[in-house]
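Structure at a glance
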Amino acid sequence: MTLLDEVLAAVQEVQTDPELNALRYRHTLIFTLGPHQWSLRCSVTDPQRLRPDALAQVQATADARGLAYTDLRVIRHHPDDPVPVPGATCAWDDGTLEVLEWSQASDFTGTRLGTAVLRRP
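Calculation notes
- Residues numbered from 1 in each chain as written.
- Predicted model: local features only at pLDDT ≥ 70, side-chain atom pairs only at ≥ 80, totals over all residues.
- Heavy atoms only, no water.
- Helix = DSSP H or I, 4+ residues; strand = E, 2+ residues; numbered from the N terminus.
- Buried < 20%, exposed > 50% of the residue type's maximum accessible area, 1.4 Å probe, protein only.
- Contact = heavy atoms within 4.5 Å.
- 1 Å grid on protein atoms, 1.4 Å probe; cavity = no way out; pocket = protein on both sides within 12 Å on 5 of 7 lines; lining within 4 Å.
- Points joined across faces, edges and corners; volume = space filled by probe spheres on them.
- Nonpolar A, V, L, I, M, F, W, Y, C, P; charged D, E, K, R; others polar.
- Pairing = 2+ DSSP bridges.
- Core = buried A, V, L, I, M, F, W, Y, C linked by side-chain atoms within 4.5 Å.

**As for the environment of I30**
Mapped onto the fold, I30 is located in strand β1 (residues 27–33). With a relative accessible area of 43%, I30 lands in the partly exposed category. Along the sequence, I30 and A91 sit 61 residues apart, while their C-alpha atoms lie 8.2 Å from each other. With residues up to four places along the chain from it excluded, the contact list for I30 reads Q37, W38, S39, T89 and C90.

This is how it looks when you write it as structure tokens:
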């Protein structure tokens, strides 16, 4: 077994641990777009709680779209759940969370990070 195989096996073991997943993906959100619907186990992070490198990426996305970075959220999804397409929305924190984009899938986890905007009335 190679080192890569060992790392992938360890990541898989962590990702399938139900107790860790209950903490890591503590929300189940229903996103919709037209007649389509996605149930997504996920976590949603305010950008002010991100590491500096991740915050820089969120700020760049906000600038490119003409949005305030404080309105953006980062979504981490459960690896077994299909991700909603950009434009899909759900109710969140007295507003509407709209998916903007998803990162490329990780080689190790198969998961992608989502960027969403929280729109409030």
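**Here we look at the layout of surface pockets**
Taken as a whole, the largest pocket holds about 270 Å³ of empty space. For the largest pocket, the lining is made up of 15 residues, of which A54, Q57, V74, L113 and T115 are closest to its centre. Broken down by secondary-structure element, the contributors of at least two residues to the lining of the largest pocket are α3 (52–65), β3 (72–77), β5 (95–102) and β6 (113–119). Broken down by element, the lining of the largest pocket gets its largest block of residues, five residues, from α3. In terms of residue class, the lining of the largest pocket is made up of six nonpolar, five polar and four charged.

**Points about the pairing of β3**
Taking burial as the measure, the six residues of β3 include five buried ones, the bulk of the element. Sheet topology places strand β2 (residues 36–45) next to β3; four bridges connect them, and they run antiparallel. By the bridge assignment for β3, V44 is matched with I75. Two elements, β3 and β6, share five bridges in a ladder whose sense is antiparallel. In the strand pairing of β6, R76 is matched with L113.

**As for the nonpolar core**
Among the nonpolar cores identified, the biggest contains 16 residues, and L29, F31, I75 and L97 are the most heavily contacted of them. Listed by contribution, the elements that provide at least two residues to this core are β1, β2, β4 (89–92), β5 and β6. Sorting elements by how many residues they give to this core places β2 first, with four residues. L97 has contacts with L29, F31, V44, R73, I75, A88, T89, C90, W92, A116, V117 and L118, leaving out every residue within four places of it along the chain. The next biggest cluster of nonpolar side chains, apart from the first, holds eight residues, and it includes V58, A62, L72 and L100.

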